[in-house]
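Residue-level structural notes
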Amino acid sequence: MQKSIEQLHKETEAKYKIKDTFSLEDHIINIPSVYTGRAINAVFRISSKKAREIIKSDSIEPNLIYPGCALLVITIFEFLESPVGPYKELVYSIPVSYKPKINFFLFPLIFPNLFKNSGVHVIDVIQSTSIAVRHGDILTGYPHNKKLIDFTFPKNIEDYKSISINSNGEKFLELDYNRVSQNEKQEKSEYMTYFYKDTSYFKIQMDIYGKKKKLKK
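Being a predicted model, the structure only gives us computed values, none of them experimental. (Residues numbered from 1 in each chain as written. Predicted model: local features only at pLDDT ≥ 70, side-chain atom pairs only at ≥ 80, totals over all residues. Heavy atoms only, no water.)

Right, let's get into the pattern of salt bridges. Pairing between side chains of opposite charge can happen when their charged atoms approach one another. This structure, assessed with the given rule, holds seven salt bridges. Residue Arg 38 is joined to Glu 78 by a salt bridge in which the shortest nitrogen-to-oxygen separation is 2.4 Å. Residue Arg 38 is located in strand E3 (residues 36-47), and its partner Glu 78 is located in strand E5 (residues 69-81); the two are separated by 40 residues in the primary sequence. (Salt bridge = Lys/Arg side-chain N within 4 Å of Asp/Glu carboxyl O. Helix = DSSP H or I, 4+ residues; strand = E, 2+ residues; numbered from the N terminus.)

Shown next as structure tokens:
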């Protein structure tokens, strides 16, 4: 498994031209950077009013699934290969569109590649190692929580029904699911991440290559 992950990482790196680098301790971080690992998205409904209160930007509109209802996404990552070694990550975000002329409701969520101004507004990023936090502060500037977390990412997700995220030895968050789709499909997509840094609003493009399955509660 490790050999195939390393090979995938090298093949993905070859797709991108390095535009800049910086050093952190004994690590050299390329810009753009490539990360190889696994992730789980948990999606929850929230009011569009609350979403707009969190976003606080007239240029960004939460993507709605129906009038008055937006989404909150909690994502956990296990990065097996990264510029600063393996680490885990928890991200809170809201699916949004940048300066939309009309709210297409579900369509940007179902067909993100057709809506180039769609993406996610990043609320908070929490990681498992101090160097991951430091490199993220320099590389992206996402809002980083200095709390450190840990969790066990299932090697075979079908065998698990719950994932507990811990901080300082105490349970911080628990994600439950009871069914995993047997249908697996290739994922290749580009999307924007939007976030505040100091008093300015920024965007960073993310490209995803991999395999995707659905979990259901």
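In this section: the side chain of Asp 124. Its location among the elements puts Asp 124 in strand E7 (residues 118-127). Lys 147 provides the closest opposite charge to the buried, salt-bridge-free Asp 124, at an N-O distance of 8.5 Å. A polar contact is formed between the side chain of Asp 124 and the side chain of Asn 145, at a distance of 3.1 Å. Among residues more than four places away in sequence, those in contact with Asp 124 are Leu 90, Val 91, Tyr 92, Pro 143, His 144 and Asn 145. (Buried < 20%, exposed > 50% of the residue type's maximum accessible area, 1.4 Å probe, protein only. Lys, Arg positive; Asp, Glu negative; His and termini not counted. Polar contact = N/O pair within 3.5 Å; in protein donor to acceptor, adjacent residues only side chain to side chain. Contact = heavy atoms within 4.5 Å.)

Right, let's get into unusual backbone geometry. The omega angle of the peptide bond from Ile 31 to Pro 32 is 0 degrees, so this bond is cis rather than trans. With respect to the helices, strands and loops of the structure, Pro 32 is situated in the loop between strand E2 (27-31) and E3. Despite not being glycine, Glu 25 has its phi angle at roughly 55 degrees, a positive value. Not every positive phi belongs to a glycine, and Lys 99 is a case in point at roughly 45 degrees. Along the chain, the position of Lys 99 falls in the loop between strand E6 (87-98) and helix H3 (107-110).

In this section: the nonpolar core. The biggest cluster of nonpolar side chains holds 17 residues, and the ones touching the most others in it are Ile 76, Leu 90, Phe 151, Ile 165 and Leu 173. Elements supplying a minimum of two residues to this core: E3, E5, E6, strand E9 (162-167) and strand E10 (170-176). Leaving out residues up to four positions away in the same chain, Leu 90 has contacts with Ile 74, Thr 75, Ile 76, Asp 124, Val 125, Ile 126, Ile 149, Phe 172 and Leu 173. Of all hydrophobic cores here, the second largest spans 15 residues; its members include Leu 24, Phe 77, Val 120 and Ala 132. (Core = buried A, V, L, I, M, F, W, Y, C linked by side-chain atoms within 4.5 Å.)

Among all positions in helix H2 (residues 48-55), only Ser 48, Ala 51 and Ile 55 are buried. Take H2 and look down its axis: the buried residues cluster within an arc of 55 degrees, on one side only. (Arc of directions from axis to C-beta.)

A cluster of nonpolar side chains, contributed by Ile 102, Phe 104, Phe 105, Leu 106, Phe 107, Ile 110, Phe 111 and Leu 114, occupies part of the molecular surface with about 790 Å² of accessible area. Take Phe 111: it is sitting in the loop between H3 and E7. (Patch = residues over 30% accessible without salt bridge, like charges linked within 9 Å, V, L, I, M, F, W, Y side chains within 5 Å. Areas by Shrake-Rupley, 256 points an atom, 1.4 Å probe, with all protein chains shown as cover.)

This brings us to the packing of aromatic side chains. The tally for this structure, following the rule as stated, stands at eight aromatic pairs. When the ring of Tyr 35 is compared with that of Phe 79, the centres are 5.3 Å apart and the planes differ by 55 degrees; the resulting orientation is tilted. Pair noted here: Tyr 35 is in the loop between E2 and E3 and Phe 79 is in strand E5, with a separation of 44 residues, a long-range link. For Tyr 35, a relative accessible area of 27% translates into the label partly exposed. On the accessibility criterion, Phe 79 (11% relative accessible area) is buried. In this structure an aromatic cluster arises from ring pairing among Tyr 35, Phe 77, Phe 79 and Tyr 87. The ring of Tyr 209 is capped by Lys 15, whose NZ or CZ atom sits 5.3 Å from the centre of that ring. Positioned above the aromatic ring of Phe 151, the side-chain terminus of Lys 88 is 5.6 Å from the ring centre. (Phe/Tyr/Trp six-rings, centres within 6.5 Å; stacked < 30°, edge-to-face > 60°. Lys NZ or Arg CZ within 6 Å of the ring centre and 35° of its normal.)

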